[in-house]
Amino acid sequence: DLAFQPEPLLMEGLGIQHLQSIPGHLVSLDPAPRRVQGHEPHVVHGHTEVFVEGMLWAIQAAKAKTLARTPEGKSCAILKRVGRGQLLVLGFGLTHRFDYQVELIRHLMAGLGVKAKLDVRPWDVPVFVRTSANGTFVFACNPHEEARHVTVRVQLGKGWSRIPPRGTIALKPRSCLMLPVNLKLTDTIRLCSTTCEIRSIDRTTPLSLRLAVGRGERASLELTLPTSYTVTAQGALLTQRRSGRRCLLDVVASDDPVTLVLRKF
């Protein structure tokens, strides 16, 4: 740990000339991050400031880029090239317990050239993605006591997908949803996205999906399927919009369970 046990030979080899203990627990990001994909950084008195734990150290290093400064304007997070690689040195501690350090982590990773492939609104809803050969699953968790209405943008391959394509995912208090994305149902039909979980899939003819939607609840789904297929709903009011193979479905459950039936006409 360079901050608490600086080794002179190691510091010299990394191009660090001096470490100095500084009182305080507040750092400002340098340069202040701009609005990224709708995300608003936390700004205090015109500067993007973040509370950090433990001791705060100023870092003096040759040919280094400053990523954060102390209240006195001294570098306390630097990025510099060492050989063929890059070195990120922090003069403060990090913790997973403070949500308001999210912007700091985003800023430090941007300095390293690491870009997020997942964007979630609002930011305080944990979301993670798991991908297999047959498709992708998005896990959205709401640990709060209030409901959340969430949108997710995830980079799959070379492009970004918005989930859902329009509207939001409704998450009840203290709930979690497992949502399939680009899930292969047959050789010609894919479930691109959904705002509700799928209880079961029956791939016999006709193909049917049983949805986890309670009476009075709403859900949206996006499918790609041949134009020769029609979609009907059992236990729900269904509206749909189609453009070529793309089919957008809105479901309002009148009964439980709700089943979508896909068949050739």
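What counts, and where the lines are drawn
- Residues numbered from 1 in each chain as written.
- Predicted model: local features only at pLDDT ≥ 70, side-chain atom pairs only at ≥ 80, totals over all residues.
- Heavy atoms only, no water.
- Helix = DSSP H or I, 4+ residues; strand = E, 2+ residues; numbered from the N terminus.
- Buried < 20%, exposed > 50% of the residue type's maximum accessible area, 1.4 Å probe, protein only.
- Contact = heavy atoms within 4.5 Å.
- Pairing = 2+ DSSP bridges.
- Polar contact = N/O pair within 3.5 Å; in protein donor to acceptor, adjacent residues only side chain to side chain.
- Arc of directions from axis to C-beta.
- Axes fitted to C-alpha atoms, helices over the stretch in contact; angles between N-to-C directions.
- Salt bridge = Lys/Arg side-chain N within 4 Å of Asp/Glu carboxyl O.
- Core = buried A, V, L, I, M, F, W, Y, C linked by side-chain atoms within 4.5 Å.

Draft legend 1. Structural context of the overall build of the protein chain. The helix and strand inventory of the protein chain stands at 2 helices and 24 strands. When the 265 residues of the protein chain are sorted by exposure, 38% land in the buried category. For the protein chain, the proportion of contacts with a sequence separation of at least 24, taken over those separated by at least 6, is 55%.

Draft legend 2. Seen up close, the pairing of strand β19 (residues 207-211). Extensive coverage of β19 is indicated by the burial of 4 of its 5 residues. With 4 bridges joining them, strand β18 (residues 198-202) and β19 adopt antiparallel strand pairing. In the sheet register, isoleucine 198 faces β19, and the bridge partner there is leucine 211. In sequence, β18 turns back onto β19 through a hairpin of 4 residues. Pairing between β19 and strand β24 (residues 258-264): 5 bridges, direction antiparallel.

Draft legend 3. Quick look at the environment of arginine 190. Structurally, arginine 190 is set in strand β17 (residues 190-194). By relative accessible area, arginine 190 is classed as partly exposed at 29%. For arginine 190 and leucine 223, which are 33 residues apart along the polypeptide, the C-alpha to C-alpha distance reads 5.7 Å. A polar contact of 3.0 Å, which involves the side chain of arginine 190, links it to the backbone oxygen of asparagine 182.

Draft legend 4. How the structure looks around the environment of leucine 118. Residue position: leucine 118 is located in strand β9 (residues 118-121). Apart from residues lying up to four places away in sequence, leucine 118 is in contact with Val127, Phe128, Val129, Val152, Arg153, Val154 and Trp160.

Draft legend 5. Focus on helix α2 (residues 102-111). Looking only at α2, the buried set comprises Glu103, Leu104, His107, Leu108 and Gly111. Buried residues of α2 fall within an arc of 135 degrees about the axis and therefore sit on the same side. Immediately downstream of α2, the backbone of glycine 113 shows phi near 80 degrees, a positive value.

Draft legend 6. Seen up close, the sheet that holds β19. Read from one edge of the open sheet, 4 strands run β18-β19-β24-β21, paired in antiparallel fashion. Strands with a single pairing partner mark the edges of an open sheet, and in this sheet they are β18 and β21 (229-234). Geometrically, the sheet is characterised by an average inter-axis angle of 15 degrees between neighbouring strands, direction not taken into account. Taken together, the 6 bridges between β21 and β24 define a ladder with antiparallel strand orientation. Among the inter-strand pairings, alanine 233 is bridged to a residue of β24, identified as leucine 260.

Draft legend 7. Structural context of the pattern of salt bridges. Per the stated rule, a full pass over the model turns up 11 salt bridges. With its nearest N and O atoms 2.9 Å apart, the salt bridge here joins arginine 166 to aspartate 250. Taken together, the residues arginine 166 in the loop between β13 (159-163) and β14 (169-171) and aspartate 250 in strand β23 (residues 246-253) connect sequence positions 84 residues apart. Residue aspartate 255 pairs with arginine 215 through a salt bridge whose shortest N-O separation is 3.1 Å. Of this pair, aspartate 255 sits in the loop between β23 and β24 while arginine 215 sits in the loop between β19 and β20 (218-224), and the two are 40 residues apart along the sequence. By relative accessible area, aspartate 255 is classed as partly exposed at 35%. One continuous salt-bridge network, built from bridges that share partners, spans Asp124, Glu146 and Arg148.

Draft legend 8. Geometry of the nonpolar core. The biggest cluster of nonpolar side chains holds 25 residues, and the ones touching the most others in it are Leu211, Leu260 and Leu262. Where this core is concerned, the elements lending two or more residues are β19, β20, β21, β22 (236-243), β23 and β24. Ranked by the residues each element gives to this core, the list is headed by β23, at 4 residues. When sequence neighbours within four positions are dropped, the list of residues in contact with leucine 211 reads Cys196, Glu197, Ile198, Arg199, Leu221, Val251, Val258 and Leu260. Ranked by size, the runner-up nonpolar core spans 15 residues in total, among them Ile22, Ala68, Cys76 and Leu104.

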